[in-house]
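Observations on the three-dimensional arrangement
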Amino acid sequence: YGPLQVFGVKNIPRKGPVLLVLNHLSNADPALIHISGIKRMPRFMAKEELFAAEMGLKGKVVALFGSFPVKQNSADTASIKEAKKLLLSGNIVAIFPEGHVNRTKQRLLPLKEGVALLAKIPGVRVVCGVIRNTNVVWPGDDTMKPTCRYPMEIVYGVPKEFDRKCSRKEIVAWISDQLTTL
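Residues numbered from 1 in each chain as written. Predicted model: local features only at pLDDT ≥ 70, side-chain atom pairs only at ≥ 80, totals over all residues. Heavy atoms only, no water.

Together, Met41, Val61, Leu64 and Phe65 give the surface a local cluster of nonpolar side chains, amounting to about 370 Å² of exposed area. Counting through the fold element by element, Met41 comes out in the loop between α1 (29-34) and β3 (42-47). Given the relative accessible area of 40%, Met41 is considered partly exposed. (Patch = residues over 30% accessible without salt bridge, like charges linked within 9 Å, V, L, I, M, F, W, Y side chains within 5 Å. Areas by Shrake-Rupley, 256 points an atom, 1.4 Å probe, with all protein chains shown as cover. Salt bridge = Lys/Arg side-chain N within 4 Å of Asp/Glu carboxyl O. Helix = DSSP H or I, 4+ residues; strand = E, 2+ residues; numbered from the N terminus. Buried < 20%, exposed > 50% of the residue type's maximum accessible area, 1.4 Å probe, protein only.)

Next up on the list: the nonpolar core. Counting 28 residues, the largest nonpolar core has Leu19, Val21, Val93, Ile95, Leu118, Ile175 and Leu179 as its most contacted members. Within the residue set of this core, elements represented by two or more residues are β2 (18-22), β4 (68-70), α3 (77-88), β5 (92-95), α4 (114-119), β6 (125-132) and α6 (168-181). If you tally residues by element for this core, the top one is α6, at five residues. Residues Ile12, Val18, Leu20 and Ile38 belong to the second largest nonpolar core, which totals 18 residues. (Core = buried A, V, L, I, M, F, W, Y, C linked by side-chain atoms within 4.5 Å.)

Examined against the element boundaries, Asn102 turns out to sit in the loop between β5 and α4. Judged by its relative accessible area of 3%, Asn102 is buried. A polar contact is formed between the side chain of Asn102 and the side chain of Glu98, at a distance of 3.4 Å. Side chain to side chain, Asn102 and Thr104 meet in a polar contact 2.6 Å long. When neighbours within four sequence positions are excluded, Asn102 is seen to be in contact with His24, Leu25, Arg107, Leu108 and Leu109. (Polar contact = N/O pair within 3.5 Å; in protein donor to acceptor, adjacent residues only side chain to side chain. Contact = heavy atoms within 4.5 Å.)

So, about the packing of aromatic side chains. One pass over the structure, following the stated rule, counts two aromatic pairs. A ring pair is formed by Phe44 and Phe96, whose centres lie 5.7 Å apart and whose planes are at 25°; its orientation type is stacked. Placement of the pair is Phe44 in strand β3 and Phe96 in the loop between β5 and α4, with a sequence separation of 52 residues. Note on Phe44: relative accessible area 3%, which makes it buried. The positively charged end of Lys160 is found above the aromatic ring belonging to Phe162, 5.2 Å away from the centroid. (Phe/Tyr/Trp six-rings, centres within 6.5 Å; stacked < 30°, edge-to-face > 60°. Lys NZ or Arg CZ within 6 Å of the ring centre and 35° of its normal.)

Structural data, given as structure tokens:
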């Protein structure tokens, strides 16, 4: 595959709660985030289907990496509560606010506003990360393209803390801007 280049990993705080907000191009994205040099293990919010028994080894690996389930396309209060608990315990929680892998030609899909609920938790630093070219190497149909010559990239932005008074729209707009300009 193409090489993995990582920029800005030092922007991710080594201590305290961090909400890592990422675009989502491929099923390979979480694995690449885990090997990108972050000094603490991110806990991913992952679609609940990945935890089903029929997922076999793939589901066990998802759970092994500390992921927790979210019901897609719903206001899943249980997953928000779990993410909040993890953040208040000082963890890194990683989410893909597009809600699923982006298989369109758009740079970024509309973001789910639930990301703003987590970003407003006092003391939480939000770090945006842009992933590039993983969709070329692993397009999402469980095949890999080893002849790919495109370098895969992950770029982490600078952390930002939001005031509780910030509106959801302001937070989502800032995250969208980060995910399209980093």
